[in-house]
Amino acid sequence: LTAAVLLRCMGWHSIYLGPNVSFEMLKMALRRKHAQLIILACIIEPEEKTIQSWLRDITKHLQPSCAVVVGGLGFAPYAQLLSTHNISYFNQVQKLKALQPRIHIPEIARAVGQSSFTT
């Protein structure tokens, strides 16, 4: 939620989907909103087999349609593995300010109008 609010303050049209979002929900949001960026957060470290499953789903269903960024302590041990799949890891929400140049989000992704938040 903090990331969504910070991005909104930076001029992005951000939508907060809530906790425990399924990949089906992410795929639906991607199709409906034509997302340029999806941020996933995890505070509890998942097992490696879970990470491998997530990576398959992310690379198959989310990339290359949009950039994927992850944050939270749960992803920290997997930061190197994630980077090999073109997924950026951030450990501080303030680092979102550097996203655009680092992952080459097109300028068209920036919002012009009001943002909407859904839970």
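Everything quoted here is computed from the prediction, not taken from an experiment.

## Comments concerning the sheet that holds strand β1 (residues 37–41)
Alright, step 1. Spatial strand order, β1-β2-β3: three strands in an open sheet with parallel pairing. Strands at the two margins of the open sheet, each flanked by one partner only, are β1 and β3 (88–90). Averaged over all pairs of adjacent strands, the angle between their axes in this sheet comes to 25 degrees, without regard to strand direction.
Alright, step 2. The sheet contact formed by strand β2 (residues 67–71) and β3 spans three bridges and is parallel. Bridge pairing in β3 links Gly 71 to Phe 90.

## Brief notes about the side chain of Ser 14
Alright, step 1. Tracing the backbone shows Ser 14 in the loop between α1 (2–9) and α2 (23–33).
Alright, step 2. Among the residues examined, Ser 14 registers a relative accessible area of 6% and is labelled buried.
Alright, step 3. A distance of 2.8 Å separates a polar side-chain atom of Ser 14 from the backbone oxygen of Ala 4.

## Observations concerning α1
Alright, step 1. Those residues of α1 that sit buried are Ala 3, Ala 4, Leu 6 and Leu 7. For α1, the angular spread of the buried residues around the axis is 165 degrees, confining them to a single face. Facing away from the buried side of α1, by more than 90 degrees, are the exposed residues Thr 2 and Cys 9.
Alright, step 2. Gly 11 lies just past α1 and shows a positive phi near 100 degrees.

Calculation criteria
Residues numbered from 1 in each chain as written. Predicted model: local features only at pLDDT ≥ 70, side-chain atom pairs only at ≥ 80, totals over all residues. Heavy atoms only, no water. Pairing = 2+ DSSP bridges. Helix = DSSP H or I, 4+ residues; strand = E, 2+ residues; numbered from the N terminus. Axes fitted to C-alpha atoms, helices over the stretch in contact; angles between N-to-C directions. Buried < 20%, exposed > 50% of the residue type's maximum accessible area, 1.4 Å probe, protein only. Polar contact = N/O pair within 3.5 Å; in protein donor to acceptor, adjacent residues only side chain to side chain. Arc of directions from axis to C-beta.

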